[in-house]
Amino acid sequence: MCGCKKQFKAAVSVRSLFLGKQRSAGSADRQGKAVRMKIAVIGQSLFGQEVYKELRKDGHTIVGVFTIPDKDGKADPLATEAEKDDVPVFKFPRWRVKGKAIPEVVAQYKATGAELNVLPFCSQFIPMEVIDHPKHGSIIYHPSLLPRHRGASAINWTLIHGDKKGGFTVFWADDGLDTGPILLQRECDVEPNDTVNTIYKRFLFPEGVKGTVEAVRLIAEGKAPRITQPQEGATYECIQKKDNSKIDWNQSAEALHNWIRGNDKVPGAWADIDGQKVTFYGSTLMDNGSAAKGQPLEIPGASKPGIITKAGLVLFGNDNKALLVKNLQFEDGKMIAAAQYYSSGSSTAVELTEEEKTFAEQMKAVWKSILSNVTKIEDSTDFFKSGAASMDVVRLVEEVKLQASSCQLQNEDVYMNTTFQEFIQLCIRKLRGEDDEEELVVDYVEKNINNMTIKMPHQLFINGEFVDADGGKTYKTINPTDGMAICDVSLAQISDVDKAVAAAKEAFEEGEWAKMNPRDRGRLIYQLADLMEEHQEELATIEAIDSGAVYTLALKTHVGMSIQTFRYFAGWCDKIQGSTIPINQARPNRNLTFTKKEPIGVCAIVIPWNYPLMMLAWKTAACLAAGNTVVLKPAQVTPLTALKFAELAARAGLPKGVINILPGSGALVGQRLSDHPDVRKLGFTGSTEIGKHIMKSCAVSNVKKVSLELGGKSPLIIFSDCDMDKAVRMGMSSVFFNKGENCIAAGRLFVEDTIHDQFVKRVVEEVKKMKIGDPLDRSTDHGPQNHKAHLDKLVEYCQNGIKEGATQVCGGKQVQRPGFFFEPTVFTDVEDHMFIAKEESFGPVMIISKFQSGEVDDVLRRANATEYGLASGVFTRDISKALYVSERLNAGTVFVNTYNKTDVASPFGGFKQSGFGKDLGQEALNEYLKTKAVTIEY
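Residues numbered from 1 in each chain as written. Predicted model: local features only at pLDDT ≥ 70, side-chain atom pairs only at ≥ 80, totals over all residues. Heavy atoms only, no water.

Caption draft 1: The arrangement of the overall build of the chain in detail. In terms of helices and strands, the chain carries 29 helices and 41 strands. C-alpha extents for the chain along the principal axes are approximately 115 × 70 × 60 Å. Considering only intrachain contacts with a sequence separation of at least 6, the fraction spanning at least 24 residues in the chain is 71%. As presented, the chain carries roughly 39200 Å² of accessible surface, and 50% of it is formed by carbon and sulfur atoms. Of note, the chain has its 113 positive side-chain charges centred 4 Å away from the centre of its 119 negative side-chain charges. (Helix = DSSP H or I, 4+ residues; strand = E, 2+ residues; numbered from the N terminus. Contact = heavy atoms within 4.5 Å. Areas by Shrake-Rupley, 256 points an atom, 1.4 Å probe, with all protein chains shown as cover. Lys, Arg positive; Asp, Glu negative; His and termini not counted. Charge placed at Lys NZ, Arg CZ, Asp CG, Glu CD.)

Spelled out as structure tokens, the structure:
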């Protein structure tokens, strides 16, 4: 008999018990070979509705729908669907009285002439006179792999027992309780943190509908098996009700987790806390609960007190392992985030503006349309106590989106704000951007420096929170001005990378970011740029002490251009579009083909140490504008502005998981990002050697998209007809800008022989005027190199130049003072074969070579005789010569009578072994988008 009230919710990989011919039988049915039957659908719910619709699509005649009576004036979805199709609908309150079938009810059923009964979800007891009556009998859907978990709460018990496999069975009804012969089974994996809801949505609902309809096809074709259920492995469990779902704390953490998730949402696992029943929802297992920080919560019977943390309530099993519960519900039905246990009820009501009052009236109309049995919606009207069900929650959330797209509600928001007043207050706070998000907790390192107090985060930033690295690992970041440690910084481990990628993936696939309108996304990025501008002096100061950048340059370029970059790409958010394409028509029909530009997904970004914030901005702004989420690894030696940026992004309102920052080593963090199967794009700026390794790893792992901005040896050609003053000034900037730690720095200057000596003399004079010193001193021209290892390489680089016969005109040595200072250096008489002529110094070293007057093509040959092609330049008053040279220089950027003139609107990237892909400009968006072509025939 069908006497069990079954609740579902569900999972992932699918495997049919019956394969081969039975699969093809379904195909045969779709080709019109199967018999169409007269079917009675007995049951209820959205599941029953979907099965009913699919059976009609297959051509079967539904002779009657037998469902439950209306509740609070609302018909069951199955009844509503059938009534639209004028199918007879019967709403018997019961089929039996005192164990005997009601003759009038059975007679009405038999009058339909059904040849098969299909029971997709049925909470009523159906008498055997009905079950056995049709020619083909009756089939029932059951949400477990029979014979395991017979009974009404099959999904609950699948989770409570910690089963690794779940699924459903369609079986032939008999006079036992879920004991009839098996017709069809499907299997799925049960994930460690699945709830009844997740496993139902993922598998049991969609695949259950398909499986039930396939079972009917097999019957219609005469191919449906009847496999006797084995006795081995058979279990029967009782119906889970509130009175038997109390938590027994004398269990392991995993058993507690399984009990809580197995009762989530109905009936709800509960315990006595502070004299009242508190129900627990949203359980996940934790790796390291002992490290949780927060307020203790005494729980009678528990092995140790729980801990209220900013993430939720941490609970402990008798094995001292931990689980985390996200939500709590009290006896009066009020649900709160567990993190708010000690602060619930403390918020003050907001006063509504006239416009907000209009919105509230619109919402009252929505509530009234859902709660049709309620005469008037008052502030105290409770959504659920007035008869609303889970599907009404979904409808309410969607109705709010239609009325105000910027008010993005989750189902949980409705469960936690059940009265109309609470609901409206929540909506208004969200519309104002004041909703009660968890306060961002930052463990700052504070320093009084540069006439201000700077506040620096120093932990990893994962899923909207600053957290310690796994195992509490840290390292010291060094101030290159004095060689002293600034602070300890969390050192990310592989497990931290996995957590960050998982957070970014969830934010991309399920979070608010994924559902946000592009214009709203742009608004958030604008807000981020505004916050960066408010903190620009602090950011520039942090950049100066962490990277050695001169403060005035950091303020204008490192920070200033970063702000411009985010503003530029914020404006692109709602302008990313595809195109329509004329194709050959499929006559006599017609076709429409169009393309869509879509975000790629989780993007990893790995940046260098020379412009820590600006390199972050160049890649991250385009990535976010395209709608992706980010896991970014700053250079290990310069992590602090990236972490400050993370704080500002959170305060700007970017949702959790959209931005994740992981200071750490390239060998560990960078490699894991390259290898990670859930990362779909990696953007890298750094050395050519590492770029090649990353490209290989990305190919081997999952063929992820890659863009690379790599090494350079940019040539600058100075002709004798140049503006000498400008050539000297810009030539100096081309080499010494940002201490030479500049990817497009002029790695080699070719100076026409007739002005060579004059040019060198002028340059050396200017070099001697440069002030080397504290980057926070406003008069400083030249700060320290970024870190000690780089300083040592520059000393070695210059020694190589001298050994090969180049003339070191000035500089070439470490400055004798604390810190990592290096003298600006000029080499002449540099021949093409020399090491310093071919390899990048990435420092303040000017390499000058002569070329013969009039030998334009020869100097072009020498300038292009490199495997690099990032940037280049030419100085001449002859516009024809300038155009001729710029056309033939093999580099991604050519500067004419200027240098270092980059702009957020102009694409930037290299040729050859300087990499591929573009930062900045519209072209940068293509690095973070994929193109989908859609063809429609009509």
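Caption draft 2: Broad picture of the environment of serine 872. Position of serine 872 among the secondary structure elements: in strand 37 (residues 871–875). The class for serine 872 is buried, based on a relative accessible area of 0%. Considered as a pair, serine 872 and serine 714 are 158 residues apart in the sequence and their alpha carbons are 5.0 Å apart. (Buried < 20%, exposed > 50% of the residue type's maximum accessible area, 1.4 Å probe, protein only.)

Caption draft 3: View of the sheet that holds strand 38 (residues 893–896). One open sheet holds the seven strands; their spatial order is 33-34-35-32-31-37-38, and the pairing between them is mixed. Because the sheet does not close on itself, it has two edges, and the strands there are strand 33 (807–810) and strand 38. Shown here is a sheet whose adjacent strand axes are inclined to one another by a mean of 20 degrees, direction ignored. Two elements, strand 33 and strand 34 (residues 825–828), share three bridges in a ladder whose sense is antiparallel. Across the sheet, threonine 807 pairs through a bridge with threonine 828, a residue of strand 34. Against the sheet, helix 25 (residues 788–803) contacts strand 33, strand 34 and strand 35 (845–851), and its axis sits at roughly 20 degrees relative to strand 34. (Pairing = 2+ DSSP bridges. Axes fitted to C-alpha atoms, helices over the stretch in contact; angles between N-to-C directions.)

Caption draft 4: Seen up close, the pattern of salt bridges. Applying the stated rule across the entire model yields 43 salt bridges. Residue glutamate 765 is joined to lysine 761 by a salt bridge in which the shortest nitrogen-to-oxygen separation is 2.8 Å. Of the two residues, glutamate 765 and lysine 761 are both situated in helix 24 (residues 753–769); the distance of four residues between them amounts to about one turn of the helix. Glutamate 765 sits in the partly exposed class, given a relative accessible area of 34%. Taking relative accessible area as the criterion, lysine 761 reaches 55% and is therefore assigned exposed. Here lysine 788 makes a salt bridge to aspartate 792, at a shortest N to O gap of 3.0 Å. Note that lysine 788 and aspartate 792 are positioned in helix 25 at a spacing of four residues, about one turn of the helix. Counted as one network, the salt bridges with shared partners bring together Glu538, Lys644, Glu647 and Arg651. (Salt bridge = Lys/Arg side-chain N within 4 Å of Asp/Glu carboxyl O.)

Caption draft 5: Highlighting the sheet that holds strand 24 (residues 580–581). Taking strand neighbours across the sheet as the criterion, the three strands line up as 24-25-41 in an open arrangement whose pairing is antiparallel. If you trace the sheet from one side to the other, it starts and ends with strand 24 and strand 41 (929–937), each paired once. In this structure, strand 24 lies alongside strand 25 (residues 591–599), joined through two bridges in antiparallel fashion. The residue of strand 25 that forms the bridge with isoleucine 581 is threonine 593.

Caption draft 6: Quick peek at the nonpolar core. By size, the foremost hydrophobic cluster in this structure holds 109 residues, and its most contacted members are Met532, Phe566, Leu624, Ile718, Leu749, Phe759 and Met846. Counting residues per element, this core draws most heavily on helix 19 (residues 612–625), which supplies 11 residues. Sequence-distant contacts of isoleucine 718, that is, excluding residues within four places in its chain, are made with Ala727, Leu749, Phe750, Val751, Glu752, Ile755, Phe759, Phe851 and Phe875. With 38 residues, the next largest nonpolar core counts Val51, Leu116, Tyr200 and Ala220 among its residues. (Core = buried A, V, L, I, M, F, W, Y, C linked by side-chain atoms within 4.5 Å.)

Geometric descriptors of this kind do not, in isolation, establish any biological role.
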